[in-house]
Protein chains: 2
Amino acid sequence: MKLLEDMILQKGKIINEDVLKVDNFINHQVDSKLMKEIGVEFSNYFKKDKITKIFTIESSGIAPAVMTSYELNVPMVILKKQTSAILNDDIYQVNYKSFTKNTTYNLTISKDYISQDDSILIIDDFLANGEAAKASIKLIENVGAKVVGIGIVIEKTFQPGRKILDELGYNVYSLARIKSLKNNKIEFIN
Amino acid sequence: MKLLEDMILQKGKIINEDVLKVDNFINHQVDSKLMKEIGVEFSNYFKKDKITKIFTIESSGIAPAVMTSYELNVPMVILKKQTSAILNDDIYQVNYKSFTKNTTYNLTISKDYISQDDSILIIDDFLANGEAAKASIKLIENVGAKVVGIGIVIEKTFQPGRKILDELGYNVYSLARIKSLKNNKIEFIN
């Protein structure tokens, strides 16, 4: 997505070879016009897939996910990141480790908002190691629902997440694919 | 806002005299068409106020805030809820206690995303005790920026938040104002 790549080049900050900071237009301060365009783009790509729900993980996936949800005219569900496990018959939980934050989260959803008939599009801001995406997939498939696709705003292709999801056979659509952050330079795959 | 009140009556669940659960269309599962209408409504009400930024607190304020940000054509900033204080010259923090969650948070913003020239609209999903709103105001005013208004999706008028903000002289606009949840019945102020 040209608009997104241009903004990454203009506004992204390379912290080191592994970390790109985009908190002036995606993560902390948010450009809602860009989020709208992202929603339109994901909608155009996934609209043939008969999606029933959009899932995202709190909190930086919410802005692109709500715009996609609006365009596709289906509900969005925010998966909650609990730091402790909850014993409760009303919810499903899957735990995962975020390498970025070095924290273990319990990804949590109320049983009311997923059923085995759901065809779900997962939206997230970043794909790096793929731990959050894998946990979301597990949460969805444990119920017998289907993951029809994964929409990512920024993918770091030099980290393992994309390869893992490709090998598992998921349809991953990333709007910007970063090949390298080496030598203080952002390189995209086209 | 008639549409919102109707949805609250149809889909809201009274947990007890103090707690209304709206997690099937606002907090957990999110109705993005409703969020769009909320954005349009806040935009119409506040557009005369020369707003430069929308602030919200992660994570259930993000969906209505990004829609409002889109309509008003200004950036949104997501205030982060840290559970620990961070010693860092790049950020501002204000701590507050959430009565609902019985937790103390450090509301956090990067210094890059606020300046004394900003005129800020705060958007949040709920107004109850007003602790989060007061902390947001303090964070903004400590920098010398201006709070031009506070947009709330659902206000519980029987809890102290609204009165406190009124007495401090802020322009609070709530789309649904709940007077009582007693006797298993939702009553609005009109």
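If you're wondering where the values come from, they're calculated on a predicted model, not measured in any experiment.

Colleague: How would you sum up the overall build of chain A? Please name residues and give values.
Modeller: Broken down by element type, chain A carries five helices and eleven strands. A globule of 190 residues ought to have a C-alpha radius of gyration of about 16 Å, and chain A, at 16 Å, matches this closely. When the backbone C-alpha atoms are referred to their principal axes, chain A occupies close to 50 × 35 × 30 Å. In chain A, which comprises 190 residues, the proportion classed as buried is 45%.

Colleague: Any chance you could break down the relation of the copies chain A and chain B for me, citing the residues and the numbers?
Modeller: Once turned by 180 degrees and shifted 0.0 Å along the axis, chain A lies on chain B with an RMSD of 0.0 Å. Put plainly, the chains are arranged around a two-fold axis. Residue serine 59 of chain A, judged by its C-alpha, is the member of chain A lying nearest the rotation axis, at 2.7 Å.

Colleague: Describe the packing of helix H2 (residues 32-46) of chain A against helix H3 (residues 62-72) of chain B, and please don't skip the residues or the numbers.
Modeller: It is at 8 Å that the axes of H2 of chain A and H3 of chain B come closest, and there the two elements cross at 105 degrees. The angle between the axes of H2 of chain A and H3 of chain B places the two elements in the roughly perpendicular class. Where H2 of chain A approaches H3 of chain B, its residues Ser32, Lys33, Met35 and Lys36 of chain A are matched on the opposing element by Val66, Ser69 and Tyr70 of chain B. Taken together, the residues of the contact of H2 of chain A with H3 of chain B break down into three nonpolar, two polar and two charged.

Colleague: For the interface of chain A and chain B, give the residues involved together with the corresponding values.
Modeller: Residue-level contacts link 24 residues of chain A with 24 residues of chain B. At the level of secondary structure, the elements contributing two or more residues to the side of chain A that touches chain B comprise strand E3 (29-30), H2, helix H3 (62-72) and strand E5 (76-82) of chain A. Among the elements that line the side of chain A that touches chain B, the one with the most residues is H3 of chain A, at five residues. By residue class, the composition of the side of chain A that touches chain B is eleven nonpolar, seven polar and six charged. Taken together, the two bridges between E5 of chain A and strand E3 (residues 29-30) of chain B define a ladder with antiparallel strand orientation. Note on E3 of chain B: the bridge partner recorded for valine 77 of chain A is glutamine 29 of chain B.

Colleague: Before we move on, could you go through the packing of H3 of chain A against H3 of chain B and cite the residues and values that matter?
Modeller: The interhelical angle for the contact between H3 of chain A and H3 of chain B, taken along N-to-C directions, is 70 degrees, at an axis separation of 9 Å. As the angle between them shows, H3 of chain A and H3 of chain B are arranged roughly perpendicular. Each of Ile62, Ala63 and Val66 of chain A in H3 of chain A lies in contact with H3 of chain B, whose residues at this interface are Ile62, Ala63 and Val66 of chain B.

The rules behind these values
Residues numbered from 1 in each chain as written. Chains lettered and ligands numbered in written order. Predicted model: local features only at pLDDT ≥ 70, side-chain atom pairs only at ≥ 80, totals over all residues. Helix = DSSP H or I, 4+ residues; strand = E, 2+ residues; numbered from the N terminus. Rg over C-alpha atoms; globule rule 2.2 N^0.38 Å. Buried ≥ 20, exposed ≤ 12 C-beta atoms within 10 Å, placed from the backbone. Least-squares fit on C-alpha atoms with pLDDT ≥ 70 in both. Axes fitted to C-alpha atoms, helices over the stretch in contact; angles between N-to-C directions. Parallel < 35°, antiparallel > 145°, perpendicular 65-115°, else oblique. Contact = placed C-beta atoms within 7 Å. Nonpolar A, V, L, I, M, F, W, Y, C, P; charged D, E, K, R; others polar. Pairing = 2+ DSSP bridges.

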